[in-house]
Amino acid sequence: MTYDLVLEGHAFDATANFGYVYIGIENGRIAEISEKALDGRKIIRCSGNQIIMPGFINTHVHMREPGYTEAEGFKSYQRVAAAGGITTARDQPNNPGYPTTTRERLDEKSALAKAKAPFIDIGFIGGVRLDPEPDRDEMRRMAEVTNLFKIFWTRSVGNMHQPDILKRYGQIEAGYAILGELSEEMGKVLNMSNHCEYEELNTYGEWFHRDSEDPRALSWSRPGMGEGFEIKRALEFGKKYDVPVNICHLSTEDGKKVFDRNSLMKDWFELTGHHLLLCEEDITGPFRKMYPPLRPRSDMMAMRERINGYREGCQRPGDGVILAFDHAPHPKYKKEGGIWEASAGIPSDEHFGHVVAHLITEWGIHPKTAARISSWNASKFLGLITKGLIDEGYDADLVVLDLGKNYIVAPPYQTKCGWAPYAGTELGGKVSYTIAKGRLIFEDGEFRF
Ligand SMILES: [Zn+2]
């Protein structure tokens, strides 16, 4: 048998250290994993410090199309993803001026993504409209094509929150109740992602700190204690209506504790690269403005430790954690004003693989744990049945990391917005190859599409 492609080298996924194996790929699937040499029309030999892992799955991306394509678009995002080792990604609903809160928009985006970024598995999250109230009919129509929904507990880019506290919690609960009902009605699992910060604390914090020019005031203006507070409510709604909960970009030690004490096995939380690599003292100006903001060093260290930590009742390190970079590009001119006027969000996905390599080489995270949080957990959360592991019959979504070559973040960048928040940072490894559905799309710095 001569396969389309054979990858040989040391491979890891969330469940196994395979040792040195040969992976035979045919028709986009992993056809055979063998300890004996396999024949292929193309053979990629991974040696030295290279390791093979499942392609990364990022559940939290703002691809910006349509409506805000000066920042990013599906075509440019495909290059970003390939360079970062990402083979599956999910787009967030809060695009400025063009939120994904209707079935029509979901369909429009889906068609655009298929045409412009055919090699990456891109899916969409339905936004739950809170103002004036959740729209059950529209949510049902969206649930026919996606199992992912999102609620904003506070203001963020795209303004999808409910500013009136007297209405807010009732409407959020209504959103959960509808999702629980639809789930039963339609016989499918529907998940709720949550941007958890506390709106009233943010309003007060911004008013209180707005005269400060100290860039760290960005962090002080959105107090971390609000996160744990809203996470607790989200988990309670999830239990009450039997809806799996995903906490987006968890950023505080409090939030982590609340999650670990109150979550069920069906619940997840996302950790971003920036909350793992940077903290409050690294906020040098508006280019490092994002929501939630960078937090004090103690919070950053707690996030790092949690990767190897456990959820109550769990046995394996990294349980409940999804490494999900909140890739949220803005053009430079929107980041060049004052700290209060600048747009919130940073581009990050082309460095996804470098950061995963960094976790392994610099922080001593086992490659199996790295594969769990960068691929397998996300696959379970998204309900994907052929992704997230290296196994026969699974999609041939694979990434090869070179752990022997440090990488200094520098231009040129693939993101359309043309800048990187980690510029100048040295990360402990790089992406050598990205293979999506059996197709080699990135090879030693070159794109193959
Ligand atoms: Zn986001």
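Up top is the structure.
Residues numbered from 1 in each chain as written. Predicted model: local features only at pLDDT ≥ 70, side-chain atom pairs only at ≥ 80, totals over all residues.

**Some details on the overall build of the protein**
The line we're drawing: Put simply, DSSP H or I for four residues or longer makes a helix, DSSP E for two residues or longer makes a strand, and each gets a number counted from the N terminus. When we talk radius of gyration, it's over C-alpha atoms, and the globule rule is simply 2.2 Å times the number of residues to the 0.38. Neighbour counting defines burial: a residue surrounded by 20 or more other C-beta atoms within 10 Å of its own C-beta is buried, one with 12 or fewer is exposed, and intermediate counts give partly exposed, using backbone-placed C-beta atoms. A pair of residues counts as a contact when their C-beta atoms, built from backbone coordinates, are within 7 Å of each other.
Within the protein, the secondary structure is distributed over 12 helices and 20 strands. What you see for the protein is a C-alpha radius of gyration of 21 Å, in line with the 22 Å of a compact globule of 449 residues. Overall, the protein is about 65 × 50 × 45 Å in size when its C-alpha atoms are taken along their principal axes. Relative to its full complement of 449 residues, the protein shows a buried share of 57%. At a minimum sequence separation of 6, the contacts of the protein that also span at least 24 residues come to 74%.

**As for unusual backbone geometry**
Here the amide bond leading from Asp131 into Pro132 is cis, since omega sits at 10°, within 30 degrees of zero. Considering the arrangement of structural elements, one finds Pro132 in the loop between strand S9 (126-127) and helix H3 (136-143). In the segment running from Pro411 into Pro412, the intervening peptide bond is cis, with an omega of 5°. Summarising the element assignment, Pro412 is placed in the loop between strand S16 (407-408) and strand S17 (426-427). Notably, His249 is not glycine yet its phi reads approximately 30°, a positive angle. Assignment of secondary structure puts His249 in the loop between strand S12 (245-247) and helix H8 (253-262).

**Observations regarding the pairing of strand S11 (residues 191-195)**
Condition: For two strands to count as paired, DSSP must find a minimum of two bridges between them. A crossover counts as right-handed when, viewed with the strands pointing away from the observer, the path leading from the first strand over the helix to the second turns clockwise.
For S11, a buried count of 5 out of 5 residues is recorded, marking the element as mostly surrounded by other parts of the structure. Of the two faces of S11, the one lined by Asn191, Ser193 and His195 and the one lined by Met192 and Asn194 are each fully buried. Relative to S11, strand S10 (residues 148-152) is paired through 5 bridges, and the arrangement is parallel. The residue bridging Phe152 from the neighbouring strand is His195, located in S11. Taken together, S10, helix H4 (residues 165-186) and S11 form a β-α-β motif whose crossover is right-handed.

**Brief notes about the packing of helix H7 (residues 225-241) against H8**
Applied cut-off: Here, axes are lines fitted to C-alpha atoms. For helices the fit covers the stretch in contact, and angles between N-to-C directions go from 0 to 180 degrees. Roughly parallel refers to an angle under 35 degrees, roughly antiparallel to one over 145, roughly perpendicular to one between 65 and 115, and oblique to any angle outside these ranges. The sense of a crossing depends on the near helix, which, turned anticlockwise from the far helix by less than a right angle, makes the crossing left-handed and, turned clockwise, makes it right-handed. Following the grouping adopted for this structure description, the nonpolar residues are Ala, Val, Leu, Ile, Met, Phe, Trp, Tyr, Cys and Pro, the charged ones are Asp, Glu, Lys and Arg, and the polar ones are all others, Gly among them.
Where H7 contacts H8, the two axes come as close as 7 Å, and the packing angle between them is 20°. As summarised for this structure, H7 and H8 are arranged roughly parallel, according to the angle between their axes. Seen from above, H7 lies across H8 with right-handed handedness. Residues Met225, Glu227, Gly228, Ile231, Lys232 and Leu235 of H7 form the contact with H8, whose participating residues are Asp254, Gly255, Val258, Phe259 and Asn262. The class makeup of the residues in the contact of H7 with H8 is 5 nonpolar, 3 polar and 3 charged.

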